[in-house]
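Chain and residue survey
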Amino acid sequence: MNDSHLPLSFSVSKTATLDTLEAVLAIARRGGLQLAALALDSRAGDDTVFLNLRAPDADLLDLFMARLNNVIGITDICPLDEKVTRMHVA
């Protein structure tokens, strides 16, 4: 099976990182996506989350991105064209 991948990053307030991650991962799980990698960068004012998601159908990844835009507190959503070296892909 040839899965599609979606590497992306987004920013969240340091005070809401865990709650926001819980909501994002629940959306991914309900959408049939698999988590391939997760990393967190806390050096800036906000936390930056790096995700790499996998799906058997690219349309599921598009749907996830549409839903991600509706999560309160997420800013700077950025699909990544290149593999992020700090993430460890399973």
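Predicted model only: the values in this text are computed from it and were never measured. (Residues numbered from 1 in each chain as written. Predicted model: local features only at pLDDT ≥ 70, side-chain atom pairs only at ≥ 80, totals over all residues. Heavy atoms only, no water.)

We now examine helix α2 (residues 58-68). Every buried residue belonging to α2 is among L61, F64, M65 and L68, and all of these are buried. Seen end-on, α2 carries its buried residues on one side only, within an arc spanning 100°. Those residues of α2 that are exposed and angled more than 90 degrees off the buried face are D59 and D62. Contacts from the buried residues of α2 go to β1 (4-12), α1 (17-30), β3 (47-55) and β4 (74-79). A distance of 3.0 Å separates the backbone nitrogen of D59 from a side-chain oxygen at the start of α2, and that oxygen is part of D57. (Buried < 20%, exposed > 50% of the residue type's maximum accessible area, 1.4 Å probe, protein only. Helix = DSSP H or I, 4+ residues; strand = E, 2+ residues; numbered from the N terminus. Arc of directions from axis to C-beta. Contact = heavy atoms within 4.5 Å. Polar contact = N/O pair within 3.5 Å; in protein donor to acceptor, adjacent residues only side chain to side chain.)

This next bit is on the side chain of S11. The topology assignment puts S11 in strand β1. Every residue in contact with S11, bar those within four places of it in the chain, is listed here: D46, D47, T48, G73, I74, T75 and D76.

Time to look at the nonpolar core. Counting residues in hydrophobic clusters, the biggest one holds 19 residues, and the most contacted among them are L8, F10, V24, L33, F64, L68 and I74. For this core, the secondary structure elements donating two or more residues are β1, α1, β3 and α2. Discounting residues that sit within four places of it in the chain, L8 has contacts with V49, F50, L51, F64, M65, L68, C78, P79 and L80. (Core = buried A, V, L, I, M, F, W, Y, C linked by side-chain atoms within 4.5 Å.)

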